Amino acid sequence: MLKFIIFVAAVAVCYGQTVDVRYTLHNKNGIVSMPGSGAIPNQFEEDAQSTIFLIHGYPGNTVTNFFQLVRNAILEHSNQNVNVIEVDWTRAAGDSYTQASNNMQSVANNLGVFMQQLYTEITNPTRTTTTTKTSTSTTETSTTETSTTETGTQPVKSGLTFHLVGFDLGAHVAGIVGRKLNRGVVRVARITGLNPGRLRSQLSMQRLTANSASYVEVIHTDTLGVLANGIGDRMGDVDFYANGGNNQPGCYSHSCCHDRAFELFAASMINPLLSGRGCNSMSQMNLNLCRGSSLRLGGIELSKDGNGIYRINTSRRFPFY
Ligand SMILES: *[C@@H]1O[C@H](CO)[C@@H](O)[C@H](O)[C@H]1NC(C)=O
């Protein structure tokens with residue numbers, strides 16, 4: 001009997017059902033926590049330009065201001081109507097880096113199911129008849145929903161266009177979710193990987209890759225030396241190397257350089273001048289000789305024209321002009 005219980009528990013862990021992941025929605029309507037069941041709070045903006053998921057890394061949400069800084073920058077300065085959903089897996093991330101890395105798959109499974117439920121719930125044609133919305137918009141909504149349900153390829157609502165923003169191990173969680181979902185109806189339009197965290201070789205299959213979403217942008221800020229938090233390899237459609245990808249101006253520690261990744265992303269909502277130049281090679285990037293076309297770093301547009309390696313030089317302080 002005990003063996004059976006252990007077996008069931010192991011299966012449940014494998015499917016990510018026991019991992020503690022919490023979802024909090026922030027948008028112009030306020031803040032509300034979302035149950036994992038896929039029930040949609042009234043505050044959710046179905047017609048938002050996109051729904052952006054913020055995914056923290058090790059050791060959780062409590063030690064950095066990643067959520068707060070990025071969420072506020074997006075909601076206050078991006079001039080776009082978006083849903084920001086914070087994915088809090090602190091309980092599964094906090095024990096040790098190894099434990100946190102081992103939990104990435106379960107967290108990704110949990111998030112993938114959450115996104116599918118959100119999609120299913122909102123595209124459910126019977127749903128509009130039971131909502132409390134005004135009757136005029138209900139009529140419009142059900143017409144659109146019917147037509148798209150038939151084609152089944154594109155999200156009905158722009159709020160179902162998903163952008164995953166992952167910091168540290170959260171970048172790989174985003175990658176795992178993206179690759180898993182992109183085989184189905186619910187797809188990830190963009191992933192922003194903020195100094196993706198180092199992985200042991202046996203977990204390297206879980207690394208963020210360019211095929212994890214339609215558009216994958218990576219910002220590298222702490223990649224040099226055995227104690228660096230991030231990975232210097234190219235991983236996205238576009239890889240930005242801030243000040244060469246290490247030794248950030250004004251920083252005297254790896255953790256400062258690591259956090260610079262999300263600080264730059266937050267600053268990109270405020271500072272449209274943050275842009276890099278295309279590089280022909282990594283050595284050109286390292287030598288600071290990039291003369292290619294310029295590309296704006298960060299932002300929340302769902303696709304960009306650039307491709308390849310970019311170098312960006314920044315100043316030492318927010319917003320890093
Ligand atoms: C970065 O700054 C250096 C020194 O000012 C300059 O030579 C280089 O072209 C800059 N690189 C980019 C990508 O702007």
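Residues numbered from 1 in each chain as written. Predicted model: local features only at pLDDT ≥ 70, side-chain atom pairs only at ≥ 80, totals over all residues.

- In the annotation of an unreviewed UniProt entry, the protein is listed under the name Pancreatic triacylglycerol lipase-like isoform X2 and assigned to Spodoptera frugiperda.
- The record held by UniProt for the protein lists under Subcellular location (unreviewed entry) the comment "Secreted".
- Quoted verbatim from the Sequence similarities (unreviewed entry) field of the UniProt record, the comment on the protein reads "Belongs to the AB hydrolase superfamily. Lipase family." (UniProt positions renumbered as here; feature names shortened; annotations may be inferred.)

1. Considerations on unusual backbone geometry
Most peptide bonds are trans, and most residues other than glycine sit at a negative phi.
Logical step 1: Cis geometry is found at the peptide bond from Y58 to P59, where omega equals -5°.
Logical step 2: Inspection of the secondary structure puts P59 in the loop between β3 (50-55) and α2 (66-77).
Logical step 3: Omega for the bond connecting F318 with P319 falls within 30 degrees of zero, at 0°, which places this linkage in the cis form.
Logical step 4: By secondary structure assignment, the location of P319 is in the segment after β11 (308-312).
Logical step 5: Even without being a glycine, N243 presents a positive backbone phi close to 50°.
Logical step 6: If you trace the backbone, N243 turns up in the loop between β8 (238-242) and α8 (254-270).
Logical step 7: One non-glycine residue, N247, lies in the positive phi region at around 45°.
Logical step 8: Positionally, N247 belongs in the loop between β8 and α8. (Helix = DSSP H or I, 4+ residues; strand = E, 2+ residues; numbered from the N terminus.)

2. As for the sheet that holds strand β2 (residues 30-34)
Logical step 1: Taken in spatial order, the eleven strands of this open sheet run β2-β1-β4-β3-β5-β6-β7-β8-β11-β9-β10, and their pairing is mixed. Bordering the open sheet on either side are β2 and β10 (294-296), each of which pairs with just one other strand. Averaged over all pairs of adjacent strands, the angle between their axes in this sheet comes to 25°, without regard to strand direction.
Logical step 2: Sheet topology note: the β3/strand β4 (residues 82-88) ladder contains six bridges and is parallel. The residue bridging I52 from the neighbouring strand is V84, located in β4. (Pairing = 2+ DSSP bridges. Axes fitted to C-alpha atoms, helices over the stretch in contact; angles between N-to-C directions.)

3. As for α2
Logical step 1: Given a rise of 1.5 Å per residue, twelve residues ought to cover 16 Å, and the 16 Å separating the end C-alpha atoms of α2 matches this to within 8%.
Logical step 2: Along α2, the residues classified as buried are F66, F67, V70, R71, A73 and I74. Across the axial projection of α2, the buried residues extend over an arc of 160°, all falling on one side.
Logical step 3: Residues of α2 that are buried make contact with β1 (22-27), β3, β4, β5 (162-167) and α8. (Expected span 1.5 Å × (residues − 1). Buried ≥ 20, exposed ≤ 12 C-beta atoms within 10 Å, placed from the backbone. Arc of directions from axis to C-beta. Contact = placed C-beta atoms within 7 Å.)

4. A word on the nonpolar core
Logical step 1: V70 and V173 are the most contacted members of the largest nonpolar core, which totals 76 residues.
Logical step 2: In terms of residue count, helix α4 (residues 97-123) provides more of this core than any other element does, ten residues in total. (Core = buried A, V, L, I, M, F, W, Y, C linked by C-beta atoms within 7 Å.)

5. Things to note about the site of the ligand
Logical step 1: All residues adjacent to the ligand are G276, R277, N288, C290, R311 and N313.
Logical step 2: A class-by-class count of the residues in the shell around the ligand yields one nonpolar, three polar and two charged. (Near = placed C-beta within 6 Å. Nonpolar A, V, L, I, M, F, W, Y, C, P; charged D, E, K, R; others polar.)

6. Examining the environment of N103
Logical step 1: Along the chain, N103 falls in helix α4.
Logical step 2: Its 25 C-beta neighbours within 10 Å are what place N103 among the buried residues.
Logical step 3: Each C-alpha atom of the pair N103 and V19 lies 8.1 Å from the other, and the pair is 84 residues apart in sequence.
Logical step 4: If sequence neighbours within four positions are ignored, N103 has contacts with V19, A92 and A93.

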